[in-house]
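Per-entry structural report
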Amino acid sequence: MKRKNVIYKDNEEGWTFMETLIVIAIVLILSSTVGYVAVRNIPRSRMAAAKSQIDSFMAALESYYIDCGTYPSEDQGLDALWKKPDNGSDRWAGPYLIKKVPLDPWGNPYVYRVPGEHGFPYGIISYGEDGKEGGEGNNANITSWDY
């Protein structure tokens, strides 16, 4: 059996340096576009996360109320949903949350008030990005009674 020598031309062995640079440039352009869109939506995502966490607290507070007959006091706070308060009800059957009460998406603690505003028995507030009461846009308060 004879062996045939296969001879490759220089331009058929693989990608050239210029083709590689073009592919890298295309990948960089696409990733920078996706990154810009993702970064632009972070504030809106944080607001949605705060609303979702407040909804979870509200559901846990209702379970607490069903078991104990009252909502946690302002002194007991939202931590009463995770750990039985020292001065809590004997009927406490928690924990009512899967994890400890987290900070809001901006790293600030949620505010729990008893009684809440507008006739609600409690209120939960995230002060937004600036961590101060009031504000607009990303600094707006997110509350359990407004949305």
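The present account deals with the structure reproduced in this document. (Residues numbered from 1 in each chain as written. Predicted model: local features only at pLDDT ≥ 70, side-chain atom pairs only at ≥ 80, totals over all residues. Heavy atoms only, no water.)

1. Things to note about unusual backbone geometry
Residue P115 follows V114 across a cis peptide bond; omega there is -5 degrees. In this fold, P115 is placed in the loop between β1 (111-113) and β2 (123-126). (Helix = DSSP H or I, 4+ residues; strand = E, 2+ residues; numbered from the N terminus.)

2. Observations regarding the sheet that holds β1
What the 3 strands build is an open sheet, ordered β1-β2-β3; its pairing is antiparallel. Single-partner strands in this sheet number two, and they are β1 and β3 (142-143). When β2 meets β3, the two strands line up antiparallel, connected through 2 bridges. What sits directly across from I125, in β3, is T143. (Pairing = 2+ DSSP bridges.)

3. As for the packing of aromatic side chains
In total, this model carries 6 aromatic pairs according to the counting rule given. Pairing W92 with Y96 gives two aromatic rings, centres 5.7 Å apart and planes at 90 degrees, and the pair type is edge-to-face. Residue class for W92 comes out buried when judged on its relative accessible area of 16%. Here the aromatic residues Y65, Y71, Y112 and Y122 are joined through ring pairs into a cluster of three or more. (Phe/Tyr/Trp six-rings, centres within 6.5 Å; stacked < 30°, edge-to-face > 60°. Buried < 20%, exposed > 50% of the residue type's maximum accessible area, 1.4 Å probe, protein only.)

4. Brief notes about the pattern of salt bridges
Within this structure, the stated rule accounts for 1 salt bridge. R113 serves as the salt-bridge partner of E117, at 3.8 Å between the closest nitrogen and oxygen. (Salt bridge = Lys/Arg side-chain N within 4 Å of Asp/Glu carboxyl O.)

5. Brief notes about the nonpolar core
Counting residues in hydrophobic clusters, the biggest one holds 20 residues, and the most contacted among them are L61, L78, L81 and I124. Ranked by the residues each element gives to this core, the list is headed by helix α2 (residues 42-68), at 7 residues. Each residue touching I124, except ones within four places of it in the same chain, is listed here: I54, F57, M58, L61, L78, Y110, V111, Y112, I142, T143, S144 and W145. (Core = buried A, V, L, I, M, F, W, Y, C linked by side-chain atoms within 4.5 Å. Contact = heavy atoms within 4.5 Å.)

6. Here's the deal with the pairing of β2
With burial as the criterion, each face of β2 is covered, one bearing G123 and I125 and the other bearing I124 and S126. Relative to β2, β1 runs antiparallel, the two being bridged by 3 bridges. Looking across to β2, one finds that Y112 is bridged to I124.

7. Structural notes on a nonpolar patch on the surface
Together, F17, M18, L21, I22, I24, I26, L28 and L30 make up an exposed nonpolar region whose accessible area comes to about 840 Å². Mapped onto the fold, L28 is located in helix α1 (residues 17-40). (Patch = residues over 30% accessible without salt bridge, like charges linked within 9 Å, V, L, I, M, F, W, Y side chains within 5 Å. Areas by Shrake-Rupley, 256 points an atom, 1.4 Å probe, with all protein chains shown as cover.)

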